[in-house]
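Geometric and topological summary
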Amino acid sequence: MTERRQVVRPLIATTVIAAAAVGAAYAFGPGAQAEKVGSTAKAKDGRHQVVKAETLTATGACATSARYPKRQLRGVWIATVHNVDWPSKPGLSPDRQRAEYLRILDNAVKRRLNAVFFQVRPASDAIYRSSLEPWSQWLTGTAGRDPGWDPLPFLVEEAHKRGLQFHAWFNPYRAADSASAKLPAGHPARLHPDWVVKHEGKLYYNPGLPEVRDWVTKVVTDVVQRYDVDGVHFDDYFYPYPGRGTRFADQAAYKKYGKGLSLADWRRRNVNDLVAQISGAVHAARPYAVFGISPFGIWRNKAEDPAGSATKGMSAYDSIYADAKAWIKKGSVDYVMPQLYWPRGFAAADYTVLAKWWADAVKGTDVDLYIGQALYRVGATDTPAWTKAGELPAHLTLNRKHPEISGDVYFSAAQLARNPLGVLDRIVKEHYTRPALPPALRPGPTSAPAAPRGVRAASGTLTWQAQPGAQAYAVYRVTGKDASCATADARNLLAVVPASAAPQYAAAGSGAYYVTTLDRLGNESAATPAT
């Protein structure tokens, strides 16, 4: 999700590294057809009938297919730094900015994605109205200049209208893209120059200072409290990536707070403390929201640690002091999304090796695993594998061998429109033939929401009564005689319809239709057949 990553010498930021209508169902695309696995009889009296969930999805009795996962995260990163994805350049009018964003969302829906990870804080700045940090230069061209509107309510609302989760993406430690940049009045780095470290041309907050951790937590909490986000997301930038070999100037903080730890262990503790602090703050401010991190793809190499992977690349543990295994063990993240930006068979960092390593790392824990996929690398000629349209789809095929892998997120949104080598067409055809419910959000009430009422099919349209507390509805279609496993996986899933005052779905095709309610946490109700 960040800029291009080379294994031995990571490149650091030159870039930080027919569409659905508003409110339309997240549904089948052209040519997709439901599997013929059964149907159901209507109630003899023709009245509204609720079919209990266990009747349709009898646990242990229904065979499910990895080809049709019912819950699978399918996301895309939307980077704002350097105008990588949005807006396309600084200084656009609010109307132009809105139009560009809607095109991104509609492309995401077209590809049957169900989540966006939007960069709201590229470098101690804000893509939203904030009393804490200045407006981002990537909106207007000038840091601190008011763009004339607050984008974030619109960004969140339009994602939700299309059935897309919205995760707010923060960079925790970057204070300014350039150490020589003129910071606007009131910028935290100007008010607290003792918080920052100039390092190889950039300005960083010092992770070793408790004041910095408290400030980052305050910024994140402010967003979570004021905006209807589904989660908080951190990228892979913690301590600076190795560059020219300059020592990061945190000696004074280490002397004050090191308390007998080695410098490396102290730095890792600083990052771990921030992660735990953010996790607690997010869940306190919005209990159902999730918090996760997208670490560099290699935790440690086996040559450095027997528990590491059979790779020969940069170690996040040793180079940027990011200890993802510690976060998993402590449960201070709800998910990890390692950036596995290398192809299968790549000697220094083989995708096949790393996918298994991360699957093993989360096995038996409550931490979900999604894979960061290098959509931006498809078509690159510097590595033979990326010249082949089948490489990225093959990653998703390989993921099916590891039940711990619950989805994929693609870097980045600009590639949704470019569709390099037609790879997205192939992914949809081979892997996203059905919609998928996003994984449930943070554990909360597990009682199922109320099932839809008044489900009717007439004149090719399925309608039902809006349910209080509904976030969306899932529509299934079954043909044949047996409906006992109709909702066990996604083979019969036609659409995820965002909640509205008058929900409906264009019910083309014969068969028995069922509708379920999904609440904000992702809990699913019993199924109601159409009459």
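Below or above, wherever it landed, is the structure these notes cover. All of these numbers come straight from a predicted model, not from anything done at the bench.

1. Things to note about the overall build of the chain
A tally of helices and strands in the chain yields 14 helices and 19 strands. Working note: accessible area of the chain is about 20,900 Å², and carbon and sulfur atoms make up 52% of it.

2. Notes on the layout of surface pockets
Considered as a void within the structure, the second largest pocket measures approximately 530 Å³ in volume. In terms of lining residues, the second largest pocket is bounded by 23 residues, among which Ala66, Pro69, Lys70, Arg71 and Gln72 are the most central. At the level of secondary structure, the elements contributing two or more residues to the lining of the second largest pocket comprise α12 (391-399) and β12 (405-410). A per-element tally of the lining of the second largest pocket places β12 first, with 4 residues. Here the residues of the lining of the second largest pocket sort into 8 nonpolar, 8 polar and 7 charged.

3. A short note on helix α11 (residues 351-362)
The periodicity of an α-helix, 3.6 residues per turn, causes residues three or four positions apart to be oriented the same way. Taking 1.5 Å per residue as the helical rise, α11 with its 12 residues ought to reach 16 Å, and the 17 Å between its terminal C-alpha atoms agrees with that figure. Turning to α11, its buried residues are Tyr351, Leu354, Ala355, Trp357, Trp358, Ala359, Ala361 and Val362. Looking at the buried side of α11, the elements it contacts are α10 (324-330), β10 (335-336), β11 (368-373), α12 and β12. The N-capping residue of α11, defined by a side-chain oxygen 2.8 Å from the backbone nitrogen of Thr352, is Asp350. Immediately beyond the C-terminal end of α11, within one or two residues, lies Gly364, with a positive phi of roughly 80°.

Thresholds, definitions, all that
Residues numbered from 1 in each chain as written. Predicted model: local features only at pLDDT ≥ 70, side-chain atom pairs only at ≥ 80, totals over all residues. Heavy atoms only, no water. Helix = DSSP H or I, 4+ residues; strand = E, 2+ residues; numbered from the N terminus. Areas by Shrake-Rupley, 256 points an atom, 1.4 Å probe, with all protein chains shown as cover. 1 Å grid on protein atoms, 1.4 Å probe; cavity = no way out; pocket = protein on both sides within 12 Å on 5 of 7 lines; lining within 4 Å. Points joined across faces, edges and corners; volume = space filled by probe spheres on them. Nonpolar A, V, L, I, M, F, W, Y, C, P; charged D, E, K, R; others polar. Expected span 1.5 Å × (residues − 1). Buried < 20%, exposed > 50% of the residue type's maximum accessible area, 1.4 Å probe, protein only. Contact = heavy atoms within 4.5 Å. Polar contact = N/O pair within 3.5 Å; in protein donor to acceptor, adjacent residues only side chain to side chain.

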